[in-house]
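Architecture and fold: a report
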Amino acid sequence: MVEEGGFIRRPRTRTRTSRAARAKVNYVEISDSSDDEATLKMEQTPDRTLKLTDIESDNDEDYVEDSTTPVVKEEESDEEYQDARNEIVELDLSDTEVKKEAKQSTPPQTTEPKEGEDDDDDDEPLAKKRKAAPRKRKVPTKKRKPPKITPYQRNTQRLFDNHPELKDVFPDLQNAPKYVPERAEQPAGLSIKLLPFQLEGLHWLLSQESSKYNGGVLADEMGMGKTIQTIALLMNDPTKRPSLVVAPTVALMQWKNEIDQHTNGKLKVYIFHGGNKTNNVAKLADYDVILTTYAVLESVFRKQTYGFKRKTGMIKEKSVLHNMDFYRVILDEAHNIKDRQSNTARAVNMIKTQKRWCLSGTPLQNRIGEMYSLIRFLNIEPFSKYFCTKCDCASKEWKFTDRMHCDHCNHVVMQHTNFFNHFMLKNIQKYGVEGPGLESFNNIQILLKNIMLRRTKVERADDLGLPPRIVTVRRDYFNEEEKDLYRSLYSDVKRKYNSFVEEGVVLNNYANIFSLITRMRQIADHPDLVLKRYRNQTAEDGVIVCQLCDDEAEEPIESRCHHKFCRLCIKEYIESFMETKDNRLTCPVCHIGLSIDLSQPALEVNMDAFKKQSIVSRLNLGGSWRSSTKIEALVEELYKSRSKVKTIKSIVFSQFTSMLDLVEWRLKRAGFQTVKLQGSMSPTQRDETIKYFMNNIRCEVFLVSLKAGGVALNLCEASQVFILDPWWNPSVEWQSGDRVHRIGQYRPVKITRFCIEDSIESRIIELQEKKANMIHATINQDEAAISRLTPADLQFLFNN
Ligand SMILES: Nc1ncnc2c1ncn2[C@@H]1O[C@H](COP(=O)(O)OP(=O)(O)OP(=O)(O)O)[C@@H](O)[C@H]1O
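Below or above, wherever it landed, is the structure these notes cover. Please read all numbers here as calculations on a predicted model, not as lab measurements. (Residues numbered from 1 in each chain as written. Predicted model: local features only at pLDDT ≥ 70, side-chain atom pairs only at ≥ 80, totals over all residues. Heavy atoms only, no water.)

**So, the overall build of the protein**
Counted only if it meets this: For helices the rule is a DSSP run of H or I covering at least 4 residues; for strands it is a run of E covering at least 2, with both sets numbered from the N terminus onward. Burial status follows relative accessibility: with a 1.4 Å probe on protein chains alone, a residue under 20% of its type maximum counts as buried, one over 50% as exposed, and anything between as partly exposed. Note on definitions: a residue-residue contact is assigned when non-hydrogen atoms from the two residues lie within 4.5 Å. Accessible areas in this description were obtained via Shrake-Rupley with a 1.4 Å probe; residue shielding takes into account the shown protein chains only.
When its secondary structure is counted, the protein shows 30 helices and 27 strands. By residue count, 56% of the 800 residues in the protein fall in the buried class. The contacts of the protein with a sequence gap of at least 6 include a subset with a gap of at least 24, amounting to 75%. Total accessible area computed for the protein in this model is approximately 36200 Å², and 50% of it derives from carbon and sulfur atoms.

See below:
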């Protein structure tokens, strides 16, 4: 399975379709059951157009975007065709996975030559060859001579022959003068005193801007001041303007506040968000910094490129952001464009600017394919370019108006290859970090050394002077009533799971198993999350219910089969699935092959009709309602840490909004002042909520939905973090802790993870630790593997 352009796709198997026929291919989604690699079918439709029964969509999309001059962004030369289909896949560098993949990709034993080995000069049609072949005659098994050079090597040679300059790319990078860290001057007018490593960071930013790269990736660990260093860059020479900052919605106001606070009003900031956005270029050009979100940028780009429906028909609207000339563009949390074929990535790439920056706290080495999207944005040559293997034609975007031949050189699509894909991605996918894979891995490291700066908190601990962070797991046991309820659910779940195991269909029923695990996690929080879930809410109430967690959807997004989920729920569902040759990921609702753009803008909730029924209003809280072990454990912890002399502020994270509703209700009754951050809030509402928490001395607890506030929040006023429901991907939890453990924090930070010992949670924590140890033991930390649930992991969770 491939996640490409945010869509979950399967790798396409090569078929013996003629290229002419391929141009007329129609794509249809088919259900999981009928779809396996061997049954990739070409259907003859009445108009003699061939129908490829597959879930493929990327190139199709590219072609239909602009029917007059279709732009093909990714194609591969003949021998590399199969690999090109898999271009954006998570890098899985663990040995076992690599071997498995290599095994899977081994073609079946056959006497026919492999497609990749087709001789270019052999023009005889295949059908003729087949006809001529005697039917049942035994062909003496002649051992094929190993080819002198591999198709990959042959292609490399062709590339070098036609583009000799490419030979020097890596030697030049290797021999480039090494950047020597140096401290820049503190910019005049910046009121915050930069720490030594931040001055070094500023020096690096300035030197990158004056280098041939015109930018790069600032990848300091979270909370080390990437925002401040970028503001220092803006202040270093304020005449170099305007700058555009694209950030997640949750971080938008934070940027505005930090700029206002630390520049004494020297930079004029415009927030390009909400209903009153200007469409006047001259007015915008008056500002030094324009702040916007990925969703807004994507939307204005879409309206400009594809138009939108009005009664009078489709209307296209000019995007003011795409008609301005910026000095620099800064992408905060740049992994938002990791799907290079998503509209968001396209919208960002179409901005006109001289300097380009990506800020990201998550290391980029783990998913090499995703890095390509950043490289494309950064416009780093020749990495983002495509090259013809037959002539000297090279371009960032290929145009194939007739869908077959390059407009420029007339060679066919398949004879063009992408530099990054060829020299950096392909061999790692094939061999991991061994042999040719290691060479590609080194190529990546060399490039990163030239364009990326990453420092970690541990490396710069002296500069940062951060207080210690203490993480503990609080373990509690269910009370009798909860235990009975949990047991009855668990025995039901276990029975189902065992029957899947007996029938050998565990992975085919992954959607089922995933939602059963979710139910068990919810019961461990509070049984009402399962017993009183949204049953009667309908679309007419304006509430969108996530079909995985059965709660009001946070940042709802929709699959191609029109089912709606919280962005985080469906992301976790996808990331945790371990795809095998026989099992493809299906929609948890309708069970057809799942196809969903994870980076699509959140669906808008109809606020006029919105009648949210909080779980609290569905319960009889006056009389018979009981709290839960976990909620009471939280209340106890909060009471314990209360002090008569000062307010100790705490953040409480949960994945389930209904849990936060219950906790809010209970804490209020216990005399705690709380505020709550939810995904449905506008940036201004979020900002007001955060300010209220930070500035109001009586407000002790901030309830944060993990789906809304995991990233880009700055909550140093708090010194305690409570994580209510554990998950096996520890990075979500690390991020939560980083909201509090960052510069500006002077008190030791206490992080408490709650765990109900006699529930699935203790298994989840154990599994998490096992995985973390395993991953840290290997040289390459593979984030993807940590969130994946293998059949063995499932077995472990169900304690079999
Ligand atoms: N030199 C400094 N002196 C005082 N406070 C600082 C300094 N540098 C950063 N900070 C503060 O530290 C906090 C974290 O900084 P910032 O938000 O820039 O980090 P970040 O790397 O962008 O984090 P994230 O990746 O989580 O978005 C902010 O509140 C910021 O004001």
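**Thoughts on the packing of aromatic side chains**
Counted only if it meets this: Here a pair means two rings of Phe, Tyr or Trp (six-membered ring of Trp) with centres within 6.5 Å. Their orientation is stacked below 30 degrees between planes, edge-to-face above 60, and tilted elsewhere. Our definition puts a charge over a ring when NZ of Lys or CZ of Arg is within 6 Å of the ring centre and also within 35 degrees of the ring normal.
Counted by the stated rule, this structure contains 21 aromatic pairs. Residues Phe514 and Tyr573 carry aromatic rings whose centres are separated by 5.2 Å and whose planes lie at 70° to one another, so their mutual orientation is edge-to-face. Here the residue Phe514 occupies a position in helix α19 (residues 510–525), and Tyr573 occupies one in helix α21 (residues 567–576), the gap between them amounting to 59 residues. Within the aromatic cluster, the residues linked to one another by ring pairs are Phe160, Phe170, Phe383, Phe387, Phe419 and Phe423. Over the aromatic face of Phe796 sits the side chain of Arg763, whose NZ or CZ is 4.5 Å from the ring centroid.

**What to know about α21**
Because each turn of an α-helix spans 3.6 residues, side chains separated by three or four positions in sequence point in the same direction. Among the 10 residues in α21, 9 count as buried, and that is most of the element. Buried residues of α21: Arg567, Leu568, Cys569, Ile570, Glu572, Tyr573, Ile574, Glu575 and Ser576, and no others.

**Regarding the site of the ligand**
Rules: Neighbouring residues are identified by heavy atoms, a residue being near a molecule or strand if any of them is within 4 Å of it. The term polar contact refers here to a pair of N or O atoms within 3.5 Å; inside protein, the definition further demands a hydrogen-donor-capable atom paired with an acceptor-capable atom, and it admits residues adjacent in sequence only when both atoms are side-chain atoms. Following the grouping adopted for this structure description, the nonpolar residues are Ala, Val, Leu, Ile, Met, Phe, Trp, Tyr, Cys and Pro, the charged ones are Asp, Glu, Lys and Arg, and the polar ones are all others, Gly among them. Residue ranges for the domains originate in an automatic or database domain assignment.
The environment of the ligand is made up of 19 residues, and the closest members are Gln198, Lys226, Thr227, Asn714 and Arg742. Residue Ile228 places a main-chain N or O atom 3.4 Å away from an oxygen atom belonging to the ligand. Compared with its free state, where it exposes 630 Å², the ligand has 88% of that area covered by protein. For the shell around the ligand, the elements supplying multiple residues, two or more each, are α9 (226–236) and α10 (249–262). At 3 residues, α9 tops the list of elements feeding residues into the shell around the ligand. Partitioning the shell around the ligand into residue classes produces 7 nonpolar, 6 polar and 6 charged. No fewer than three residues from each of domain 1 (168–380 + 432–453) and domain 2 (469–474 + 616–784) sit in the shell around the ligand.

**Points about the packing of helix α18 (residues 480–503) against α19**
Selection rule: Angular values range over 0 to 180 degrees, each being the angle between N-to-C directions of two axes fitted as lines to C-alpha atoms, with helices fitted over their stretch in contact. An angle below 35 degrees is treated as roughly parallel, one above 145 as roughly antiparallel, one from 65 to 115 as roughly perpendicular, and anything else as oblique. The hand of a helix crossing depends on one turn: near helix anticlockwise from the far one by less than a right angle means left-handed, and clockwise means right-handed.
Between α18 and α19, the shortest axis-to-axis distance is 11 Å and the interhelical angle comes to 165°. Between α18 and α19, the angle falls in the class roughly antiparallel. Crossing geometry of α18 relative to α19 is assigned as left-handed. The segment α18 lies against α19, with Tyr486, Leu489, Tyr490, Val493, Lys496, Tyr497 and Phe500 engaging Asn512, Ile513, Leu516, Arg519, Met520 and Ile523. Of the residues contributing to the contact of α18 with α19, the split by class is 10 nonpolar, 1 polar and 2 charged.

**Brief notes about the side chain of Glu482**
For clarity, the threshold we go by: Only four residue types enter the charge count: Lys and Arg as positive, Asp and Glu as negative, with His and the chain ends excluded. Whenever a carboxyl oxygen of Asp or Glu lies within 4 Å of a side-chain nitrogen of Lys or Arg, that contact is scored as a salt bridge.
Take Glu482: it is sitting in helix α18. Here Glu482 occupies a buried position and makes no salt bridge, while the nearest side chain of opposite charge, Arg626, is found at 8.6 Å. Dropping the residues within four chain positions of it, Glu482 is found in contact with Pro527, Ser627, Ser628 and Thr629.

**Here's the deal with the sheet that holds strand β15 (residues 386–388)**
Just so we agree on the cut-off: Strands qualify as paired when DSSP identifies two bridges or more between them.
Sheet architecture is open: 3 strands sit in the order β16-β15-β18, paired in antiparallel fashion. A strand with exactly one partner marks an edge of an open sheet, and here the two such strands are β16 (394–395) and β18 (416–418). Here 2 bridges tie β15 to β16, and the two strands are oriented antiparallel to one another. Bridging from a neighbouring strand, Tyr386 pairs with Ser395 of β16. Each of β15 and β18 touches helix α15 (residues 419–431); the most contacted strand, β18, lies at about 55° to it.

**Examining the sheet that holds strand β19 (residues 452–453)**
Spatial strand order, β9-β10-β8-β13-β14-β7-β19: 7 strands in an open sheet with parallel pairing. Since the sheet does not close on itself, it has two edges, and those belong to β9 (269–272) and β19, each with one partner. When strand β8 (residues 243–247) meets strand β13 (residues 325–331), the two strands line up parallel, connected through 4 bridges. Within β13, the residue paired with Val246 across the bridge is Leu331. The strands that α9 touches are β7 (215–218), β8, β10 (289–293), β13 and β14 (352–359); relative to β13, the one it contacts most, it runs at about 165°. Seen against the sheet, α10 touches β8, β9, β10, β13 and β14 and runs at an angle of roughly 160° to β10.

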